[in-house]
Amino acid sequence: MAETPQISNEELEELKDAFSKIDIDSSGYIDSSELQNLFKEANQPIPGFKVRELKEKLAESGNQKDRISFEEFIELYYGLKSDDVAKTFRKQLLKKEGICAVQGTEKSSEGTQHSYSEEERFAFVNWINKALEKDPDCQQLIPMDANSDTELFAAVGNGIILCKMINLSVPDTIDERTINKKKLTPFTIQENLNLALNSASAIGCHVVNIGAEDLKEGKPYLVLGLLWQVIKIGLFADIELSRNEALIALLREGESLEDLMKLSPEELLLRWANYHLEGAGCQKVNNFSSDIKDSKAYYHLLNQIAPKGDEEGQAPISVDMSGINEKDDLKRAESMLQQADKLGCRQFVTAADVVRGNPKLNLAFVANLFNKYPALQKPENQDIDWSLLEGETREERTFRNWMNSLGVTPHVNHLYSDLDDALVILQLYEKIKVPVDWSRVNKPPYPKLGANMKKLENCNYAVDLGRNKAKFSLVGIAGQDLNEGKHMPTLALLWQLMRRYTLNMLEEIGEGEKVNDDIIVNWVNQTLSEAAKSSTISSFKDKEISTSMPILDLIDAIQTASIRYDLVKTGDLTDEEKLENAKYAISMARKIGARVYALPEDLVEVKPKMVMTVFACLMGKGMKRV
């Protein structure tokens with residue numbers, strides 16, 4: 001086949017995500033019968049006759065098999081795009097936007113070339129500049145020059161910006177006292193980067209194969225990939241029904257609240273945009289890429305959500321719609337963004353990004369619009385069971401973030417509904433080295449009739465694997481419990497998966513030696529004793545853990561003089577003082593290199609399961625230093 005065209009890292013990641021959703025068994029291939037579904041997943045729906053043409057093209061190139069690789073898909077995908085249009089657009093982009101290139105390339109030490117998006121870099125620099133402009137710890141780094149090819153990648157190299165952005169996306173993830181801010185050395189920079197990476201993982205970022213050295217060196221494709229995950233988590237935080245009950249206004253006729261709750265943030269954003277477009281009497285959009293390129297949908301959306309001055313103290317903002325009649329796409333997009341600027345929402349996209357239909361940056365643009373001007377009213381006098389809108393528990397959030405940090409597909413937004421076909425659970429089995437026979441697994445898209453039966457078969461297989469291969473305790477748990485999203489059975493299975501994953505990590509470090517709770521407790525006490533610390537623990541239920549002192553002392557035993565004891569509260573502690581200690585302990589554990597998923601409240605309340613993972617992760621770190 002011909003050489004695959006060079007593409008941006010952003011586009012490649014979007015297409016990889018689409019491919020992986022169809023390639024459920026991770027074989028690297030899809031059946032040719034799934035090609036049309038794959039193009040639909042990649043926001044490039046094609047008619048049946050075009051699918052047949054593409055299959056014929058593959059056959060002519062020598063592919064006589066009934067399966068298609070990712071590389072072949074990439075070539076087919078880009079073969080559908082007009083080279084002439086691309087060249088014309090590139091010239092317009094360089095001329096109108098003053099951007100040095102559509103994409104850059106970076107050569108790795110292995111000789112592999114990684115592409116990265118210049119538009120993405122440009123957008124993220126401007127977002128970070130705005131977000132951190134008043135932060136006193138960033139004055140030496142902010143503002144960065146958005147037109148510089150290197151400034152962003154150099155600025156993130158000391159870890160401070162990354163830590164700050166993580167806290168903006170999920171407040172209080174990192175205890176500010178643990179960030180090294182002055183008189184930085186290679187060692188303290190390494191600590192900051194460890195803290196950033198482990199904290200990013202704890203909030204659900206997929207950081208496998210990203211190391212502190214990669215960030216220190218400012219590898220563009222890795223830096224941009226991590227920043228996008230962090231920014232996206234922050235943008236999507238409130239696009240969730242339990243945190244924004246006004247989203248119930250998006251319920252459609254005949255739809256239940258449970259149906260709405262199953263939608264991902266991306267799907268909710270699309271429905272939100274169409275809700276306002278419908279209110280404006282406009283045609284709906286199917287995506288934030290090809291359907292928004294002419295800016296007209298954006299014009300109507302801005303006009304609908306702009307404050308009308310109805311609320312007390314809110315000044316009206318008038319959107320000038322005259323630019324919608326501009327004939328040049330770029331000029332029309334620029335005029336639209338000037339109206340967005342009136343709302344304080346000219347972030348993430350340039351006019352060229354709109355015309356080009358950049359899916360990632362346009363999604364961010366719309367999410368920012370929603371966060372500032374949702375323009376929704378919570379329905380009154382509706383027969384709605386509001387109790388269903390209870391937010392996720394800490395335990396549920398920890399499991400969800402853990403799964404997402406491992407890179408499961410699809411991304412888990414809602415713990416129970418997103419596991420109802422067991423595909424994510426089956427991927428987790430592979431993470432703990434329990435083989436999965438993917439030929440037994442039903443893959444989406446599921447048939448309209450009998451879809452739930454296919455999902456139930458997967459769930460039955462997941463329970464069977466847990467009981468017979470993983471040797472989990474699953475008494476009274478059936479596949480139907482997972483399929484129906486029953487909380488206790490699902491959490492019981494997830495805990496055993498997470499526990500096994502944690503213990504496997506320890507066993508790998510210990511060259512295969514089996515580990516259990518008693519071994520961890522004994523190691524903790526021996527390490528504390530050898531470091532002349534007075535703390536001990538009797539079990540993971542020990543009430544002394546609520547003060548965090550055993551954890552802080554253990555961290556100091558693993559990395560000598562790492563704990564600033566002048567920051568630690570002692571004596572007869574209040575709950576607030578215990579929480580301050582716990583925040584410090586969790587962040588310090590991550591700072592010395594332990595990938596901890598537990599939350600400070602888990603320590604204060606002495607939640608044995610989460611406490612066990614903290615000590616196990618610290619044991620793993622301690623064993624590596626020996």
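All values reported here derive from a predicted model rather than from experimental measurement.

Participant: I'm lost on the overall build of the chain in this one. Help?
Facilitator: From N to C terminus, the chain includes 27 helices and four strands. Within the span of the chain, comprising 626 residues, buried residues form 53% of the whole. In the chain, of all internal contacts separated by at least 6 residues, the share reaching a separation of at least 24 is 61%. Taken as a whole, the chain presents about 29300 Å² of accessible surface, with 46% of it coming from carbon and sulfur.

Participant: Would you mind showing me how to read the packing of helix 6 (residues 118–131) against helix 11 (residues 220–236) here?
Facilitator: Working note: a packed helix pair is described by the angle between its axes plus the distance between those axes. The N-to-C vectors of helix 6 and helix 11 enclose an angle of 50°; their axes lie 11 Å apart at closest approach. Looking at the two axes, helix 6 sits oblique to helix 11. The way helix 6 lies across helix 11 gives a crossing that is left-handed. In this structure, helix 6 uses Glu120, Arg121, Phe124, Trp127 and Ile128 to contact helix 11, whose residues at the interface are Leu224, Leu227, Trp228, Ile231 and Leu235. Grouping the constituent residues of the contact of helix 6 with helix 11 by class yields eight nonpolar, no polar and two charged.

Participant: Please explain the packing of helix 19 (residues 423–431) against helix 22 (residues 487–509) as it appears in this structure.
Facilitator: Their axes nearest at 10 Å, the elements helix 19 and helix 22 cross at an angle of 25°. It follows from the interaxial angle that helix 19 and helix 22 lie roughly parallel. Of the two possible hands of crossing, helix 19 and helix 22 adopt the one that is left-handed. Contact with helix 19, carried on its side by Ile425, Leu428, Tyr429 and Lys431, involves Leu493, Leu494, Leu497 and Tyr501 of helix 22 and no other residues of that element.

Participant: Mind showing me how you'd approach the packing of aromatic side chains here?
Facilitator: What describes a pair of aromatic rings is the distance from one ring centre to the other and the angle between the planes of the rings. One pass over the structure, following the stated rule, counts 11 aromatic pairs. Between phenylalanine 39 and phenylalanine 73, the aromatic rings sit 5.4 Å apart at their centres with planes inclined by 75°, giving edge-to-face as the arrangement. Taken together, the residues phenylalanine 39 in helix 2 (residues 35–41) and phenylalanine 73 in helix 4 (residues 70–79) connect sequence positions 34 residues apart. With respect to class, phenylalanine 39 is no different from phenylalanine 73; both count as buried. Geometrically, the ring pair formed by tryptophan 402 and tyrosine 501 is edge-to-face, given 5.7 Å between the ring centres and 70° between the ring planes.

Participant: Sorry if this is basic, but what is going on with the side chain of asparagine 483 here?
Facilitator: Among the secondary structure elements, asparagine 483 is positioned in helix 21 (residues 479–483). For asparagine 483, a relative accessible area of 10% puts it in the buried group. Reaching out from asparagine 483, the side chain makes a polar contact with the side chain of asparagine 452 at a distance of 3.1 Å.

Participant: Mind showing me how you'd approach the pattern of salt bridges here?
Facilitator: When charged atoms on two side chains of opposite charge get close, those side chains can pair. If you walk through the whole model with that rule in mind, you get 35 salt bridges. A salt bridge links glutamate 266 to lysine 232; its shortest N-O distance comes to 3.2 Å. Of this pair, glutamate 266 sits in helix 13 (residues 265–279) while lysine 232 sits in helix 11, placing them 34 residues apart in sequence. By relative accessible area, which is 28% here, glutamate 266 ends up partly exposed.

What counts as what
Residues numbered from 1 in each chain as written. Predicted model: local features only at pLDDT ≥ 70, side-chain atom pairs only at ≥ 80, totals over all residues. Heavy atoms only, no water. Helix = DSSP H or I, 4+ residues; strand = E, 2+ residues; numbered from the N terminus. Buried < 20%, exposed > 50% of the residue type's maximum accessible area, 1.4 Å probe, protein only. Contact = heavy atoms within 4.5 Å. Areas by Shrake-Rupley, 256 points an atom, 1.4 Å probe, with all protein chains shown as cover. Axes fitted to C-alpha atoms, helices over the stretch in contact; angles between N-to-C directions. Parallel < 35°, antiparallel > 145°, perpendicular 65-115°, else oblique. Left-handed = near helix turned anticlockwise from the far one by under 90°. Nonpolar A, V, L, I, M, F, W, Y, C, P; charged D, E, K, R; others polar. Phe/Tyr/Trp six-rings, centres within 6.5 Å; stacked < 30°, edge-to-face > 60°. Polar contact = N/O pair within 3.5 Å; in protein donor to acceptor, adjacent residues only side chain to side chain. Salt bridge = Lys/Arg side-chain N within 4 Å of Asp/Glu carboxyl O.

Limitation: the analysis is restricted to geometry and does not speak to function.
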